[in-house]
Amino acid sequence: MSGMMECSVCHSKLVSPGSKTVARAYDQHRNKISSKYRALNVLLVVGDCVLVGLQPILVYMSKVDGSFKFSPISVNFLTEAAKVLFAVVMLVFQARHQKVGEKPLLSLSTFVQAARNNVLLAVPALLYAINNYLKFIMQLYFNPATVKMLSNLKVLVIAVLLKFIMRRRFSIIQWEALALLLIGISVNQLRSLPEGTTAMGLHVATGVYIYTLIFVTVPSLASVYNEYALKSQFDTSIYLQNLFLYGYGAIFNLLGIVITAIFKGPSSFHILEGHSRATMFLICNNAAQGILSSFFFKYADTILKKYSSTVATIFTGFASAALFGHTLTINFILGISIVFISMHQFFSSLSKVKDEPQNGKIELMDAQNSIRSKDMSFINMAAGANDDASHRIGSEDRQPLLPT
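Before going into details, it helps to say that this report is about the structure given with it.

## Brief notes about the overall build of the protein chain
Then, in step 1: The secondary structure content of the protein chain amounts to 14 helices and four strands.
Then, in step 2: When the 404 residues of the protein chain are sorted by exposure, 42% land in the buried category.
Then, in step 3: Nonlocal contacts in the protein chain, meaning residues at least 24 apart in sequence, comprise 83% of its contacts between residues at least 6 apart.
Then, in step 4: By element, 66% of the accessible surface of the protein chain is carried by carbon and sulfur atoms, the whole surface being about 22,500 Å².

## Points about the nonpolar core
Then, in step 1: L91, L121, L240, F295 and F296 are the most contacted members of the largest nonpolar core, which has 29 residues in total.
Then, in step 2: Looking at this core, the elements with two or more residues in it are α2 (35–62), α3 (72–96), α5 (122–141), α9 (204–232), α10 (238–264) and α11 (277–299).
Then, in step 3: It is α10 that provides the largest number of residues to this core, a total of seven residues.
Then, in step 4: In contact with L91, not counting residues within four places along its chain, are L105, L106, S237, Y239, L240 and L243.
Then, in step 5: Counting residues in each nonpolar core, the second largest holds 18 residues, with L153, I158, L162 and V339 among its members.

## Some details on the packing of aromatic side chains
Then, in step 1: This model, assessed by the stated rule, comprises eight aromatic pairs.
Then, in step 2: Both rings, one in F170 and one in F346, keep their centres 6.1 Å apart while their planes meet at 45°; by these two values the pair is tilted. On the criterion of sequence distance, the pair formed by F170 in the loop between α7 (154–165) and α8 (172–189) and F346 in helix α13 (residues 330–346) is long-range, its members being 176 residues apart. Neither F170 nor F346 differs from the other in exposure class; each is buried.
Then, in step 3: Their ring planes at 70° and their centres at 6.2 Å tell us that Y239 and F295 sit as a pair that is edge-to-face. On the criterion of sequence distance, the pair formed by Y239 in helix α10 and F295 in helix α11 is long-range, its members being 56 residues apart. As far as the burial class goes, Y239 and F295 line up, both buried.
Then, in step 4: Every member of this aromatic cluster is reached through a ring pair, and the members are F170, W175, F346 and F347.
Then, in step 5: Over the aromatic face of F234 sits the side chain of K298, whose NZ or CZ is 5.4 Å from the ring centroid.

Conventions used here
Residue positions within a chain follow its written sequence, with the count starting from 1. Confidence filtering applies because this is a predicted model: local features only for residues at pLDDT of at least 70, side-chain atom pairs given and counted only at 80 or more, and all residues used for totals across whole chains, interfaces and linings. Working from all heavy atoms in the structure, the side-chain values ignore hydrogens and water. The helix and strand labels rest on DSSP assignments: H or I over at least four residues marks a helix, E over at least two residues marks a strand, and numbering proceeds from the N terminus. Exposure categories follow from relative accessible area, calculated using a 1.4 Å probe and restricted to protein chains: below 20% of the type maximum is buried, above 50% is exposed, and the middle band is partly exposed. Whether two residues touch is decided by their heavy atoms; if any such pair falls within 4.5 Å, the residues are in contact. In these tables, accessible area is a Shrake-Rupley quantity obtained with a 1.4 Å probe, and a residue counts as shielded only by the protein chains included in the view. Buried Ala, Val, Leu, Ile, Met, Phe, Trp, Tyr and Cys residues form a nonpolar core when they are joined through side-chain atoms within 4.5 Å. Stacked, tilted and edge-to-face are the three classes applied to pairs of Phe, Tyr and Trp rings, where Trp contributes its six-membered ring and a pair requires centres within 6.5 Å; stacked means planes under 30 degrees apart, edge-to-face means over 60, and tilted covers the rest. Consider the ring centre and the ring normal. A charge sits over the ring if Lys NZ or Arg CZ is within 6 Å of that centre and within 35 degrees of that normal.

What follows is the structure, encoded as structure tokens:
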């Protein structure tokens, strides 16, 4: 029968593990996680807060008279090239410290096999290439704190994608926490744009809706698909996976530069033109942020990554106010407060999903209980027979069956 399996002990029919069983594997992994990985998660969150908080500020500092003197695609290409270089260096370092008997990382057969197994990484690489360009477009029309708050909308979209793509389970309290997150973002967005502002020839309302929809959906899908691709080949070295991911990203961004040169002429094909010290810091920051994200997706999860980015919002808001004179409104303060309440509620121990007994486990327990009941019945029968036998041979009952 399809979907059934036989127990090797009692030979009873059990329901084979389904998608819900696979979805519980991650929750069980988190419960059994070692202190080393917990410390890694803390370091990832702290590093992500710093890098994500600096990113919109560096982008803002890279603007000259409200616009970019460089091609945003060239920044994305140089970022991917820097990440490829880092992956190669770390892969060589890891290969030199391999133990005896392990499969060599730098062999051609290992590389070809890993490339075939990780071909799915091309999908998030393409989506990231689109998203990285959208980041610059958003920065042209929104202040850094607003961009950071808009990016927090990705948490809700990611949660929905995780539920339907990776079968992740969320409790009612966690869904309520995500709803609080939306409320916090909405509070911050009240009167965030001046009336009558336009964006790329569109009315501000139309521009905001279109950019926000794309800005939220594309990276959310990329993050979930990236986590799926990295964890589906968990035994593959993360540096080897990063080499493929960043290699695909560099190719897609280079294609973007070539296509731009075709439409705008050869004069636009200048990868290093218009870059300043701020853009160099921006490239290093984006590269470090991308590398850190891969560790999040493989060893933690996408929700933790996005919530840690949310923590960076307060840093971005105060830093942009100190450096550029942006006003921190009461809406921003209230919105941040609601976001932090949402984060505390989502990760609270009271909001954890309680495991329900699986069908296969129920049937196995029923089978074991049946065997135990049969054993107990046999023991009781044996005990009863023994009592009867001892009663028959008692001293007071030892009388001849026939008269003498």
